[in-house]
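Examining the three-dimensional arrangement
Each chain, written out:
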Amino acid sequence: MATELKRMTFAITPEIGKSLDSIKKELFYNRTQSDMIRELVSAGVRAIKAEKAAKENRCERVS
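Summarised in this report is the structure supplied together with it. Since we're looking at a predicted model, the values are computed, not measured. (Residues numbered from 1 in each chain as written. Predicted model: local features only at pLDDT ≥ 70, side-chain atom pairs only at ≥ 80, totals over all residues. Heavy atoms only, no water.)

As for the overall build of the protein
- Along the backbone of the protein there are two helices and zero strands.
- For 63 residues, the compact-globule formula gives about 11 Å, and the C-alpha radius of gyration of the protein, at 16 Å, lies well above that figure.
- A principal-axis box enclosing the C-alpha atoms of the protein has dimensions of 45 × 30 × 25 Å.
- With 13 positive and 9 negative side-chain charges, the protein shows a spacing of 1 Å between the two charge centroids. (Helix = DSSP H or I, 4+ residues; strand = E, 2+ residues; numbered from the N terminus. Rg over C-alpha atoms; globule rule 2.2 N^0.38 Å. Lys, Arg positive; Asp, Glu negative; His and termini not counted. Charge placed at Lys NZ, Arg CZ, Asp CG, Glu CD.)

In structure tokens:
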């Protein structure tokens, strides 16, 4: 893990809170909530990058 962490604060809706609680119990039961949030954000960033790359590849094929 990085030695320097940046602190962030954000608000969530009750629905997202319930989802996070469920995910914590099912998948991250032995890890901290902060670690879970970092992992979920990282997964989201990877997914967005992969989606962007897939769209770019489709555009290149059309051209």
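Picking up after the structure, the text goes on.
Things to note about a nonpolar patch on the surface
- Among the surface-exposed residues, Met8, Phe10, Ile12 and Ile16 lie close enough to one another that they form a single nonpolar patch of about 440 Å² accessible area.
- Here Phe10 is to be found in the segment before helix H1 (14-27).
- Since its relative accessible area comes to 53%, Phe10 is described here as exposed. (Patch = residues over 30% accessible without salt bridge, like charges linked within 9 Å, V, L, I, M, F, W, Y side chains within 5 Å. Areas by Shrake-Rupley, 256 points an atom, 1.4 Å probe, with all protein chains shown as cover. Salt bridge = Lys/Arg side-chain N within 4 Å of Asp/Glu carboxyl O. Buried < 20%, exposed > 50% of the residue type's maximum accessible area, 1.4 Å probe, protein only.)

A word on the pattern of salt bridges
- In this structure the tally under the stated criterion is four salt bridges.
- Here Arg31 ties to Asp35 by a salt bridge, and the two come within 2.7 Å at their closest N and O atoms.
- You can call Arg31 partly exposed: its relative accessible area is 31%.

Focus on the environment of Ser19
- Its place among the elements puts Ser19 in helix H1.
- Between the C-alpha atom of Ser19 and that of Arg46, which follows or precedes it by 27 residues, the distance is 20 Å.

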